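Architecture at a glance
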Amino acid sequence: IKQKKRHMGDTKHFCPVSLKEHYVLHPGLQEHAAKYKENIYYFSTSEYRDKFLKNPEEYVAHNKPIQAPPLRVCLLGTHGAGKTTCARQIADKLGIFHIQFEEYLQELILPKTRRKVGPQFDEEDDNKIPVLSEELEDFSQMITKTETEKSKQEEVLTDEEEAIKANLMDSKELPPEVLDNIVFDWWKKEPFRSTGFILDGFPRTADEAQYLSERGLCPDVAVYIQVEDSDILERLFPPRLKKWKDKRLKKKEYKKKLKDLKTKMRV
């Protein structure tokens, strides 16, 4: 006996409720199937099946086909692997957002810290050359005054902002409640939700990957850029060496100017 052909719904074997509400292609299960207008729809859970049957017109195609969810990519790799360069090119080509995780964290606390935080930025501050004054002020007083003004400028941080700062300064893990206020938006809120994104530099640890899994925030693609250590050294060392040489030269010039000024004041 010839069996009657099954006509599948607009989303085929994917759950229409997951697609509509979460922009996720979640495979449906046969035990959670339902029939509507001679078409068979499959659902990821029995709750989603019941939700569909209450108002099926909200989840089926009308004048145009149902759109596939936007692309969500996690781009991983060690520092200097070229993640940010690749991410920018991919984002431009696909028309999706590029999110550089560490830079995003910096922007969250920048209004209060007034400057970027982290070992590399602290090193730059330590190597700043003081400006020579005509009166050759006492440097200890000048440093004290600068530190006082700096502490006044930096406002009191909330617990969440302190956690972000600790992460940038010492790579301390961000607690799940802080990640909830950051990462959720990229999957759940506009404009990221309907446009898609490439997330550069997250997750960085097994715990962060576990966090995404537990929250159901799974990327469509995760790409790890593997680079030889020698390639990273060739890429990062020359600009750092030039930066170090420039600082040495500035310090040398400063000392010479300071010596000339002291000689002039004695005369």
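Below is a short write-up of the structure. (Residues numbered from 1 in each chain as written. Predicted model: local features only at pLDDT ≥ 70, side-chain atom pairs only at ≥ 80, totals over all residues. Heavy atoms only, no water.)

A separate point is the environment of His98. Of note, His98 is situated in strand E5 (residues 97-100). Classification of His98 by relative accessible area gives partly exposed; the value is 26%. Separated by 102 residues in sequence, His98 and Asp200 place their C-alpha atoms 7.3 Å apart. For His98, the residues in contact, after removing those within four places along its chain, are Thr84, Ala87, Arg88, Ala91, Ile198 and Asp200. (Helix = DSSP H or I, 4+ residues; strand = E, 2+ residues; numbered from the N terminus. Buried < 20%, exposed > 50% of the residue type's maximum accessible area, 1.4 Å probe, protein only. Contact = heavy atoms within 4.5 Å.)

Turning to the sheet that holds strand E2 (residues 29-36), a few remarks are in order. Strand order in the open sheet formed by 3 strands is E1-E3-E2, with mixed pairing between adjacent strands. Each of the sheet's edge strands pairs with one partner strand only, and the pair in question is strand E1 (7-8) and E2. The pairing of E2 with strand E3 (residues 39-43) spans 5 bridges and is antiparallel. Pairing of Lys35 across the sheet is with Ile40, part of E3. The sheet contacts of helix H2 (residues 46-54) involve E2 and E3, and relative to E2 the element is tilted by about 5°. (Pairing = 2+ DSSP bridges. Axes fitted to C-alpha atoms, helices over the stretch in contact; angles between N-to-C directions.)

Attention shifts here to the pairing of strand E4 (residues 72-77). In summary, the side chains of a regular strand alternate between the two faces of the sheet. Across the 6 residues that make up E4, a large majority, 5, are buried. Strand direction decides the pairing type here: E4 and strand E7 (residues 221-225), joined by 5 bridges, are parallel. Paired with Val73 across the two strands is Val221, which belongs to E7.

Each full turn of the α-helix corresponds to 3.6 residues, which orients residues three or four apart in the same direction. Residues of helix H10 (residues 206-215) that are buried: Glu208, Tyr211 and Leu212. Looking straight down H10, one finds its buried side chains confined to an arc of 95°; they lie on one side. Seen from the open side of H10, the exposed residues pointing more than 90 degrees away from its buried face are Ala206, Asp207 and Glu214. Close packing links the buried residues of H10 with helix H8 (176-188). (Arc of directions from axis to C-beta.)

So, about the nonpolar core. Ranked by size, the top nonpolar core spans 23 residues in total, and within it Phe101, Ile164, Leu174, Ile182, Val183, Trp186 and Leu199 carry the most contacts. Listing elements by their share of this core, those giving two or more residues are helix H4 (101-113), helix H7 (159-170), H8, strand E6 (197-200) and H10. Looking at which element gives the most residues to this core, the answer is H8, with 6 residues. Ignoring anything within four residues of it in the chain, the contact list for Ile164 reads Leu105, Leu108, Ile109, Leu174, Val178 and Ile182. (Core = buried A, V, L, I, M, F, W, Y, C linked by side-chain atoms within 4.5 Å.)

If you walk through the whole model with that rule in mind, you get 12 salt bridges. The partner of Glu57 in a salt bridge is Lys37, with the nearest N and O atoms 3.3 Å apart. Placement of Glu57 in the loop between H2 and E4 and of Lys37 in the loop between E2 and E3 is noted, with a sequence separation of 20 residues between them. A salt bridge links Glu161 to Lys112; the nearest nitrogen and oxygen atoms lie 3.0 Å apart. With Glu161 in helix H7 and Lys112 in helix H4, this residue pair connects regions lying 49 residues apart in the sequence. By the burial criterion, Glu161 is buried, and Lys112 matches it. (Salt bridge = Lys/Arg side-chain N within 4 Å of Asp/Glu carboxyl O.)

Side chains of Arg248, Lys251, Lys252 and Lys255 sit close together on the surface and give a patch of like positive charge. The partly exposed category is assigned to Lys251, whose relative accessible area is 37%. (Patch = residues over 30% accessible without salt bridge, like charges linked within 9 Å, V, L, I, M, F, W, Y side chains within 5 Å. Areas by Shrake-Rupley, 256 points an atom, 1.4 Å probe, with all protein chains shown as cover. Lys, Arg positive; Asp, Glu negative; His and termini not counted. Charge placed at Lys NZ, Arg CZ, Asp CG, Glu CD.)

The residue after Glu190, namely Pro191, is reached through a cis peptide bond having omega 0°. Relative to the assigned elements, Pro191 resides in the loop between H8 and helix H9 (192-195). A cis amide bond, omega 0°, links Phe202 with the succeeding residue Pro203. Positionally, Pro203 belongs in the loop between E6 and H10.

Now for the pairing of E3. Of all 5 residues in E3, 4 are buried, a share of seventy percent or more. The hairpin turn running from E2 into E3, its antiparallel successor, is 2 residues long, and Lys37 in that turn takes a positive phi close to 50°.

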